[in-house]
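Read off the chains here:
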Amino acid sequence: QVQLVESGGGLVQPGGSLRLSCAVSGNIASIPTMDWYRQAPGKQRELVARISALGSTNYADSVKGRFTVSRDNAKNSAALQMNLLKPEDPAVYYCYAIIVSRSSGPRSYWGQGTQVTVSS
């Protein structure tokens, strides 16, 4: 059974940094894309960053230059380094991935989410 588990959320002051991690477990054949989404109260879930298996990346305009997405294909994991956090960044952050398991075709998976709070 495929699972995504996120970690690394918490409370940070404006201008601070946090690093989120996403670990995928299960009978994995490949993970074409790994994304980070976020959802603030009363707002729609939005794509923050995406990384392909070959390492190409895309970012939301609001986080360009501050957030960096990375992945370790050997460990089936991804990370989101968040620097210069702003008051508008707080949200529940979710890892999302398209995963091809050894027993089935590609499917999408969501992690459980991790809370990021920015406050002085």
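It should be noted that the structure appears before, not after, this text.
Residues numbered from 1 in each chain as written. Predicted model: local features only at pLDDT ≥ 70, side-chain atom pairs only at ≥ 80, totals over all residues. Heavy atoms only, no water.

Student: Even after reading the chapter, I still don't get the overall build of the protein chain, so can you show me in this structure?
Tutor: Broken down by element type, the protein chain carries zero helices and 11 strands. Across the protein chain, helices and strands are ordered from the amino to the carboxyl terminus as β-β-β-β-β-β-β-β-β-β-β. Here the C-alpha atoms of the protein chain give a radius of gyration of 14 Å, agreeing with the 14 Å that 2.2 N^0.38 yields for 120 residues. In terms of principal-axis extent, the alpha carbons of the protein chain reach across some 45 × 25 × 25 Å. By residue count, 40% of the 120 residues in the protein chain fall in the buried class. (Helix = DSSP H or I, 4+ residues; strand = E, 2+ residues; numbered from the N terminus. Rg over C-alpha atoms; globule rule 2.2 N^0.38 Å. Buried < 20%, exposed > 50% of the residue type's maximum accessible area, 1.4 Å probe, protein only.)

Student: Help me understand the pattern of salt bridges in this model?
Tutor: Side chains bearing opposite charge may pair, as long as their charged atoms lie close to each other. Throughout the structure, instances matching the rule amount to five salt bridges. Here Arg50 ties to Asp35 by a salt bridge, and the two come within 2.9 Å at their closest N and O atoms. Pair noted here: Arg50 is in strand 5 (residues 46-52) and Asp35 is in strand 4 (residues 28-39), with a separation of 15 residues, a long-range link. A salt bridge links Asp89 to Arg66; its shortest N-O distance comes to 2.7 Å. You can see Asp89 sitting in the loop between strand 8 (77-82) and strand 9 (91-101) and its partner Arg66 sitting in the loop between strand 6 (57-59) and strand 7 (67-72), a full 23 residues away along the chain. Asp89 gets classed as buried once you look at its relative accessible area, which sits at 0%. It is possible to trace a salt-bridge network through shared partners that takes in Arg38, Glu46, Arg66 and Asp89. (Salt bridge = Lys/Arg side-chain N within 4 Å of Asp/Glu carboxyl O.)

Student: Quick question: what am I supposed to make of the side chain of Ser77 here?
Tutor: Position of Ser77 among the secondary structure elements: in strand 8. Since its relative accessible area comes to 18%, Ser77 is described here as buried. Setting aside its immediate chain neighbours within four residues, Ser77 contacts Cys22, Ala23, Met34, Arg71 and Asp72. (Contact = heavy atoms within 4.5 Å.)

Student: Looking at this structure, I do not really get the sheet that holds strand 8. What am I missing?
Tutor: Remark on secondary structure: sheet strands pair via backbone hydrogen bonds, oriented parallel or antiparallel. Pairing in this open sheet of four strands is antiparallel, and the strands run 1-3-8-7 from one edge to the other. A single partner strand is all that each edge strand has here, and the edge strands are strand 1 (3-7) and strand 7. Here the average twist between neighbouring strands, direction ignored, is 15 degrees. Bridging between strand 7 and strand 8 involves six bridges; their strand directions are antiparallel. Of the residues in strand 8, the one forming a bridge with Asp72 is Ser77. (Pairing = 2+ DSSP bridges. Axes fitted to C-alpha atoms, helices over the stretch in contact; angles between N-to-C directions.)

Student: What exactly am I supposed to notice about the environment of Val69 here?
Tutor: On the secondary structure map, Val69 appears in strand 7. A residue is classified by how much of its surface remains accessible, and Val69, at 5% relative accessible area, is buried. Spatially, the C-alpha atom of Val69 lies 9.2 Å from that of Met34, the residues being 35 residues apart in sequence.

Student: Would you explain the nonpolar core in this entry?
Tutor: One recurring pattern in soluble globular proteins is that nonpolar side chains are buried together. Formed by 31 residues in total, the largest nonpolar core has its most connected members in Leu4, Met34, Trp36, Leu80, Met82, Tyr93 and Ile99. Of all elements in the fold, only strand 3 (18-25), strand 4, strand 5, strand 7, strand 8, strand 9 and strand 11 (114-118) reach the threshold of two or more residues within this core. Sorting elements by how many residues they give to this core places strand 9 first, with five residues. Look past the residues within four positions of Ile99 in its chain and what remains in contact with it is Val2, Leu4, Val24, Ile28, Ser30, Ile31, Gly105, Pro106, Arg107 and Tyr109. (Core = buried A, V, L, I, M, F, W, Y, C linked by side-chain atoms within 4.5 Å.)

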